[in-house]
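Summary of structural features
Here is how the chains run, residue by residue.
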Amino acid sequence: TTFNLQDYGAKGDGVTDDTQALERAWQDACKSPDATLLIPGGKTFLIAQVSLQGPCKPNTKIRIEGNIHAPDASSWSNSNSAPWIQIKNLEGLKVEATGTLDGNGTSWWSRACKPTPGSTSCRKAPTSIEFNTVKNLRVNGLEVVNSPRMHVNFNGCQHVAAQWLRINSPGNSPNTDGIHITNSQDVVIKYAMVAAGDDCVSIVGGSSNIDVSSIVCGPGHGISIGSLGGGDVVSGVRVRNANLIGTTNGVRIKSYKNGHGAVSDVSFEDVRMDEVANPIIIDQAYCDAHEHDCGAEAAAEEVSGVSISGVRYKNISGTSKTKTAITLRCSQVVGCDGIELDNVEITQATKGANADARCSNAYGVAGKNVFPESCL
């Protein structure tokens, strides 16, 4: 059974608030087995903050053919930073999209809290779409643009397969991670194009068995595990067939100094980089001054942090925008163990300039074809 948003009074003119129509259509779809909630094509639906919650009857599907547009930031409560669209507490959900979610981020970015910490006029911007506690989730073709903050968040999800995701926000848009994975297990992300103002993909605490492949990233901050430090544990992460273009980082693991937790069993394979500022980087003394009081800068070896072990870099190639192509900044308290470099060749983008590698308390092995020369 198909539940068409327009049958519930939605205008789809981009001006009229269609939020209540969406909520009514969802309530009926949720009660029916094998139901499809349809956002019809050729229309733009203005939708305010909404939560589509379960549990629902089996085999629920959401099909987004039209466009969904968020209201201006001025219509949101200052204290409300919940997601714009939240899909929660479901099992066996399929989301298929040929339309676009537009978060209207331009009305948020200039007043966001991250670039202006401590400002009394800053706004806590919402994530565009969050899948929260969803099991056996399939997402295909979702496009999210101009997000106020993170674009797509998988939070507390299990058995997720998401492919052909398209994410697009300017490189200077604050805290606009493309795909964020937190406290989730058995997640496959495949065939994605991400342009963002923060990490293209970020994987944080409580996540395991994560597979990311066939992704194009840029602009953005690269593909990151972290930030970690509050007892977070991440394991079993595989990143394959990635192409990073002009990003501030390539493949990165970052954890706060004096934090605790662990990262293990990680592999980055078949990654191409083009003028990436920090192609390979581990930082066990990371600090984001916009979110934390970093205090005096401390050398990584002087602080404790998140344990990092079993990280493999294989078939990594391309150019570095900076002199240091490999940075392994680890703590003597916990260190980085079991690092493997195999067929890594990164040159400096500036012709005639040599790239180098810098290590602190990083231990592991390097194959013969490693450039710049390994500092492990």
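In every chain, residue numbers begin from 1 and rise along the written sequence. The predicted origin of the model limits local features to residues at a pLDDT of at least 70 and limits the giving and counting of side-chain atom pairs to 80 or more, whereas totals for whole chains, interfaces and linings rest on all residues. Note: side-chain values were computed over all heavy atoms of the structure, leaving out hydrogens and water.

**Brief notes about the UniProt feature "active site" (unreviewed entry) in the chain**
UniProt positions are given in the numbering used here, feature names are shortened, and annotations may be inferred rather than shown by experiment. UniProt feature "active site" (unreviewed entry): in the numbering of this structure it lies at His221. Helix numbers and strand numbers start at the N terminus; a helix is a DSSP run of H or I with at least 4 residues, a strand a run of E with at least 2. With respect to the element layout, His221 can be found in the loop between β18 (208-217) and β19 (223-245). Only protein chains enter the area calculation, which uses a 1.4 Å probe; residues under 20% of their type maximum are buried, those over 50% are exposed, and those in between are partly exposed. Residue classification places His221 among the partly exposed positions, given a relative accessible area of 25%. Whether two residues touch is decided by their heavy atoms; if any such pair falls within 4.5 Å, the residues are in contact. Beyond its immediate stretch of four places on either side in the chain, His221 contacts Gly197, Asp198, Asp199, Cys200, Thr248, Asn249 and Arg252. Here Gly197 takes part through its backbone oxygen, which lies 3.3 Å from a polar atom of the side chain of His221. By the criterion applied in these results, polar contacts are pairs of N or O atoms within 3.5 Å in which, for protein atoms, one can donate a hydrogen and the other can accept it, and in which residues neighboring in sequence qualify only through two side-chain atoms.

**A look at the environment of Thr182**
In this fold, Thr182 is placed in strand β15 (residues 179-182). Since its relative accessible area comes to 17%, Thr182 is described here as buried. Residues contacting Thr182, with those up to four places away along its chain left out, are Asn153, Phe154, Asn155, Gly156, Val204, Gly205 and Ser207.

**Thoughts on the pairing of strand β14 (residues 158-168)**
As judged from the five bridges shared by strand β11 (residues 129-140) and β14, these two strands associate in the parallel manner. Bridging across to β14, Leu137 finds its partner in Val160. The pairing of strand β12 (residues 143-145) with β14 spans three bridges and is classified as parallel. The residue bridging Val144 from the neighbouring strand is Ile167, located in β14. For β14 and strand β16 (residues 185-195), the ladder comprises nine bridges, and the chain directions are parallel. From the neighbouring strand, Ala161 faces β16, where its bridge partner is Val188. Strand pairing is defined by DSSP finding a minimum of two bridges between the two strands.

**A word on the environment of Asn175**
Relative to the assigned elements, Asn175 resides in the loop between β14 and β15. Of note is the side chain of Asn175, whose polar atom sits 2.8 Å from the side chain of Arg149.

**Side note on the pattern of salt bridges**
Every case where a carboxyl oxygen of Asp or Glu lies within 4 Å of a side-chain nitrogen of Lys or Arg is listed as a salt bridge. Under the definition given, this model contains twelve salt bridges. Its salt-bridge partner being Arg312, residue Glu340 comes within 3.8 Å of it at the nearest N-O pair. Separated by 28 residues along the polypeptide, Glu340 in strand β24 (residues 336-348) and Arg312 in strand β22 (residues 307-320) bring together distant segments of the chain. With relative accessibility at 28%, the residue Arg312 sits in the partly exposed group. One salt bridge connects Asp356 with Arg358, and the closest N-O pair in it is separated by 3.8 Å.

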